[in-house]
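Breakdown of the fold
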Amino acid sequence: GSSGIEAITKLKLISARALGGVDLPNSISIFPISFESKDRVTGYLDSWNDLDNDVYINGEKVEGERTSITYNDTLEIIINVINTMIDVVSYALIAFTSISLVVSTVMIGIIPYVSVVERIKEIGVIRSLGGRKRDVSNLFIAETVIIGLLAGLIGIFFTYFVSVIVNIILHPLINYASIAALPAGQAILLVLLSVGLTLVSGLIPASSAAKKDPVVALRTE
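Residues numbered from 1 in each chain as written. Predicted model: local features only at pLDDT ≥ 70, side-chain atom pairs only at ≥ 80, totals over all residues. Heavy atoms only, no water.

1. With respect to the overall build of the chain
Each helix and strand counted, the chain has seven helices and two strands in total. In the chain, the succession of helices and strands from N to C terminus is α-α-β-β-α-α-α-α-α. Across the 221 residues in the chain, those meeting the buried criterion constitute 19%. Here the contacts in the chain between residues at least 6 apart in sequence split such that 61% fall between residues at least 24 apart. A total accessible area of about 16600 Å² is found for the chain, and carbon and sulfur atoms account for 67% of it. (Helix = DSSP H or I, 4+ residues; strand = E, 2+ residues; numbered from the N terminus. Buried < 20%, exposed > 50% of the residue type's maximum accessible area, 1.4 Å probe, protein only. Contact = heavy atoms within 4.5 Å. Areas by Shrake-Rupley, 256 points an atom, 1.4 Å probe, with all protein chains shown as cover.)

2. Section: the packing of helix 3 (residues 74-118) against helix 5 (residues 133-174)
For the pair helix 3 and helix 5, interaxial distance at closest approach is 11 Å and the crossing angle is 140 degrees. Taken as axis vectors, helix 3 and helix 5 run oblique relative to one another. In this structure, the crossing between helix 3 and helix 5 has a hand that is right-handed. Of the residues in helix 5, those touching helix 3 at Ile111, Pro112, Ser115 and Val116 are Phe140, Glu143, Thr144 and Ile147. In terms of residue class, the contact of helix 3 with helix 5 is made up of five nonpolar, two polar and one charged. (Axes fitted to C-alpha atoms, helices over the stretch in contact; angles between N-to-C directions. Parallel < 35°, antiparallel > 145°, perpendicular 65-115°, else oblique. Left-handed = near helix turned anticlockwise from the far one by under 90°. Nonpolar A, V, L, I, M, F, W, Y, C, P; charged D, E, K, R; others polar.)

3. Focus on empty space enclosed by the protein
Under the definition given, this model contains one cavity of 30 Å³ or more. Here the largest cavity is characterised by a volume of approximately 30 Å³. Around the largest cavity, the lining residues are Ile108, Ile111, Pro112, Thr144, Ile147 and Thr198. For the lining of the largest cavity, the elements supplying multiple residues, two or more each, are helix 3 and helix 5. (1 Å grid on protein atoms, 1.4 Å probe; cavity = no way out; pocket = protein on both sides within 12 Å on 5 of 7 lines; lining within 4 Å. Points joined across faces, edges and corners; volume = space filled by probe spheres on them.)

4. Some details on the layout of surface pockets
Computed from the structure, the largest pocket encloses a volume of approximately 670 Å³. Together, 20 residues line the largest pocket, and Ile28, Ser29, Ile30, Leu45 and Tyr71 are the ones closest to its centre. Broken down by secondary-structure element, the contributors of at least two residues to the lining of the largest pocket are helix 2 (35-49) and helix 3. It is helix 2 that contributes the most residues to the lining of the largest pocket, five residues altogether. Its residues placed into classes, the lining of the largest pocket shows 11 nonpolar, seven polar and two charged. Those elements giving two or more residues to the lining of the second largest pocket turn out to be helix 3, helix 5 and helix 6 (184-210).

5. Thoughts on the environment of Ser34
Examined against the element boundaries, Ser34 turns out to sit in the loop between helix 1 (2-18) and helix 2. Look at Ser34 and you get partly exposed, because its relative accessible area is 32%. Engagement of the side chain of Ser34 in a polar contact is seen with the side chain of Ser37, the distance being 3.1 Å. (Polar contact = N/O pair within 3.5 Å; in protein donor to acceptor, adjacent residues only side chain to side chain.)

6. Let's talk about helix 2
Between its first and last C-alpha atoms helix 2 spans 21 Å; for 15 residues at 1.5 Å apiece the expected length is 21 Å, and the two agree. By the burial criterion, the buried members of helix 2 are Lys38, Thr42, Leu45 and Trp48. For helix 2, the angular spread of the buried residues around the axis is 115 degrees, confining them to a single face. Seen from the buried face of helix 2, the exposed residues on the opposite side, beyond 90 degrees, are Glu36 and Arg40. Buried residues in helix 2 make contact with strand 1 (56-57) and helix 3. (Expected span 1.5 Å × (residues − 1). Arc of directions from axis to C-beta.)

7. Structural notes on the confidence of the model for the chain
When pLDDT is low, close inspection of the predicted coordinates is not appropriate. In this model, the chain carries a mean pLDDT of 77, and residues with pLDDT of at least 70 account for 84%. Across the chain, element-level confidence peaks in helix 5 with a mean pLDDT of 84 and bottoms out in helix 1 with 52. (pLDDT = per-residue confidence, 0-100.)

8. So, the side chain of Asp73
Along the chain, Asp73 turns up in the loop between strand 2 (60-61) and helix 3. By relative accessible area, which is 15% here, Asp73 ends up buried. Reaching out from Asp73, the side chain makes a polar contact with the side chain of Lys38 at a distance of 3.2 Å. Those residues in contact with Asp73, other than ones at most four positions away along the chain, are Lys38 and Thr42.

Given below as structure tokens:
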């Protein structure tokens, strides 16, 4: 029947398209030379599919209805998958780092607390010689800040030292000279973070030291 003939004709047409036997293309492959060119191509295709936008070909506005173009951006799909994987890993590392910071803050707070317990008599001497509660508190806060500053500087120095060794080892293998690098701005931020953590950890022990009764403190052995 006529329906069978039409089906055979369509099948032949599809086969001819696949083999390049007809002028009407079955698909078009575009290979941009850069990411900027790729974005321009996909932007134009998106504008074509959006009927509210005016599209021009060779300077002439396309009139009437436009057939929607279906395209696959393989590179964009791969980049999105990679970005998703990087985001997942980043969130996991941020979570573990946050837990580590909380634990580190508690452990750092133990150091000035032990110092307060061991130096009660010294606190009593300072108070008996006219030292104010604020002076005692500032003394312990200054000590914690110095500890945080030194710890941060030692950590940054160790990081740069290890980075140099890693770059020397990996440079012949990957032909890239600076695979491990720590920018100066981030290094300063890490030092400030170290100082901030020790400062927060030392506030409670410093306040506890300032509240010690000088008479009781002098009697402590």
